[in-house]
Amino acid sequence: MSDELLDVDESMPTNTVEEFLRMERMPHIWCPGCGIGTTVNCFAHALETSGLDLRKVSVVSGIGCTGRVAGYLKLDSFHTTHGRAIPFATGLKLANPELKVVVYSGDGDLTAIGGNHFIHAARRNVDMTVILINNFIYGMTGGQVAPTTPLTATASTTPHGNFEEAFNLPYLAESCGAVYVARWTAYHVRHVTKAIKEALAKKGFSFVEILAPCPTLYSRRNKLGDGLDQMVYYKENSEVKNDIDTKTVSLSFQGKITVGKFVDKERPTYLDAMNEYYGKKFGDKYTPYKG
Amino acid sequence: MKSDPKGVLTGAHFIDGDHACAEGAIAAGCRFVAGYPITPSTEVVERIADRFPLIGGMFIQMEDEIASSIAIQGAVWGGKKAMTVTSGPGFSLMMEHIGLAAMTEVPCVFVDVQRGGPSTGLPTLPGQGDMMQARWGSHGDYGIIALCPNSPQECFDFTIKAFNLSEQYRVPVLLMMDECVGHMTERVIVPPADQIEIYPRRFYEGPKEEFLLFKPDNDMVPPMVKAGDGYNIHVTGLTHDEKGYPVMTVAAQEKLVHRLIDKIKMNADKIVEYKEDQVEGADVVVVSYGITSRVAIPAIDQARKEGMKVGHLRLIVAWPFPEKRIKELATKIKSFVVPEINYGQMVHEVERHSAGKVRVELVGHGGGAVHNPKDIYNVIKNSVKG
């Protein structure tokens, strides 16, 4: 690379999301056409307008391609073990309820190895925002089948096609008690930003699923073209249906994609429920837990 | 620093080891416990669940031991002193997170009330078969500290000691109880709070622009900060540099992992603790720990009555192992006798450090009960003969 290419034109406007990123760690590891970076951009924009004190925002990731998000965000960030971002986040939040805790991880991490933690954190309504990037595949390890891989899709461990039913994640989250559930795709950058902002403002277990292309491992093996082709697929096949019954939002191989905000309700958080219950039980003897 | 009097039940109690462990945690300043029910450890979290609401603590019963063992680490970064409690099968599930705590230098306490194994084994009966797992259970190399109480009083005292050591060295500390010690009821004295020494968390105090999350002090231990302090920390289980950023190189691995081992190894003289009884001039030294250190006493007494010169070395700290002392004794005595409720674990350390200079006899037991002291006596008697 010639030095000229590295010269920075001082008159150029700065990318406003840069202040949210650890620029010294760029370039990132994601492939060309991958949708994860797009969602990080949306997350940064959501933070920008959220009014949150960034010193009090912590991001927790598990392992995998999306698991690397924590490492690029200029916030307190924790890159934990595979599948365990949610219980780590539970400990962090309950130890210091002042913190805004965001779990940012992938479909395999959060719903296969981490599935048990996902359902219980939603059931308890622990106050956290879970951003799940669903690329239908285990990317980091080379494209193995995931609990989200659509029926008939090919993966490295389903070389003849997948015959397992995939999770319908919004339905899973809602039935376990999530107070906010939305699904969008990496194509819908404004909706994603808005959904993340709403989820961050929500008290309780909020969940945003974002479909994102994995051109290297999912699209290539399934002969679906590159990242741009997947964006075209999202654009042409997404149907916005806010408030629709989440039972109906299952995904199929290259089929229609129902997107929108499906759930937005109130329910006492784990901490509020505990403080209220013990307050009644112990009366004046109880000091509400604040960390 | 002294213990916070709030929550310290100063006085004499008649409680079992599990309950004493819970009281020790409270006295040590622990205010976050995550756990999952498992015999014979459950009484620890039951007492915590009962006591925490009125002393400002957070107890959460997680969905499994894996979740418990990482929730406590989130809590530590949130500023709490934290502990989890389990037994064999749960301890196996926690191994990955013992490695995470070692790698990311999270001060926290894991209590393992050992039962008979392998697998589901003997849930309600004693074992000491997790001792090597305590040292080597998580993948990769790291230093660790493990303590072995032999009474409810020591369950109280050593839980405090476990917290203090974990804060001092930023390392997970394992309290290796066993079913007998956990379920045995005895007198436990809880001292006044101002007589309980607490090692406070070492927080970073230097200039903010010079802050590096994993830059060690002279004792090889880096000071901590909390989430929300404004340092934009990054913590990863990947091999990382002093800033905490992942670095996938041999040099970074060598630098980090060496320090994780050395901060325990080089400080071993300060950490190692054992109790000796009539070891000077002995022909045979019994090396024991946990409940077995009490069961060995009648065997040793009997042998002494019959004129045998028998010493007793009891491990208080099992890891790091008192290798120097074993090496030294190996030049003076005829043999070591190692009773333990497993088919040979700590005996390997005794063998390794006595380096073939003396005989080392295991008195093994598969678990489910303590030894019959006669079995220990018989081995002592035979080993005196040489």
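For the structure itself, consult the block above.
Notes on the structure in this doc start here.

Cut-off values and rules
Residues numbered from 1 in each chain as written. Chains lettered and ligands numbered in written order. Predicted model: local features only at pLDDT ≥ 70, side-chain atom pairs only at ≥ 80, totals over all residues. Heavy atoms only, no water. Contact = heavy atoms within 4.5 Å. Buried area = accessible area lost by both parts, 1.4 Å probe. Salt bridge = Lys/Arg side-chain N within 4 Å of Asp/Glu carboxyl O. Polar contact = N/O pair within 3.5 Å; in protein donor to acceptor, adjacent residues only side chain to side chain. Helix = DSSP H or I, 4+ residues; strand = E, 2+ residues; numbered from the N terminus. Pairing = 2+ DSSP bridges. Axes fitted to C-alpha atoms, helices over the stretch in contact; angles between N-to-C directions. Buried < 20%, exposed > 50% of the residue type's maximum accessible area, 1.4 Å probe, protein only.

1. Side note on the interface of chain B and chain A
Stage number 1. Counting residues at the interface gives 41 residues for chain B, matched by 41 residues for chain A.
Stage number 2. Counting the surface lost from both chain B and chain A, the interface buries some 3300 Å², and carbon and sulfur atoms represent 61% of this.
Stage number 3. In terms of surface lost to chain A, no three residues of chain B exceed M58, E63 and N232 of chain B, which account for 18% of the buried area on that side.
Stage number 4. At the boundary of chain B with chain A, the tally comes to two salt bridges.
Stage number 5. The closest approach of N and O atoms between R124 of chain A and E63 of chain B, which form a salt bridge, is 2.9 Å.
Stage number 6. Put simply, chain B and chain A have 21 residue pairs in polar contact (both at pLDDT 80 or more) between them.
Stage number 7. No other element matches helix α3 (residues 65-77) of chain B, which puts eight residues into the side of chain B that touches chain A.
Stage number 8. Direction of pairing for strand β2 (residues 76-79) of chain A relative to strand β10 (residues 234-236) of chain B: parallel, over a ladder of three bridges. Considered in β10 of chain B, the bridge of H79 of chain A is made with T236 of chain B.

2. Brief notes about the sheet that holds strand β1 (residues 57-61) of chain A
Stage number 1. With mixed pairing, the nine strands of this open sheet are ordered in space as β7(A)-β8(A)-β5(A)-β6(A)-β4(A)-β3(A)-β1(A)-β2(A)-β10(B). With partners counted over all chains shown, the strands left at the sheet margins are β7 (238-240) of chain A together with β10 of chain B, one partner each. This sheet shows a mean twist of 20° between the axes of neighbouring strands, independent of strand direction.
Stage number 2. Bridge count between β1 of chain A and β2 of chain A: four bridges; the pairing is parallel. Bridge pairing links S58 of chain A to D76 of chain A in β2 of chain A.
Stage number 3. Here helix α2 (residues 36-50) of chain A sits on the sheet in contact with β1, β3 (100-106), β4 (128-134) and β6 (205-211) of chain A, set at roughly 170° to β3 of chain A.
Stage number 4. Lying on the sheet, helix α7 (residues 169-176) of chain A is in contact with β4, β5 (180-185), β6 and β8 (257-264) of chain A; it crosses β6 of chain A at an angle near 175°.

3. Topic: the pairing of β4 of chain A
Residues and elements named next belong to chain A.
Stage number 1. Burial analysis of β4 places seven of its seven residues in the buried class, which makes it a mostly covered element.
Stage number 2. Bridging between β3 and β4 involves five bridges; their strand directions are parallel. Within β4, the residue paired with G106 across the bridge is I133.

Note that all results are geometric; they support no functional claim without further evidence.
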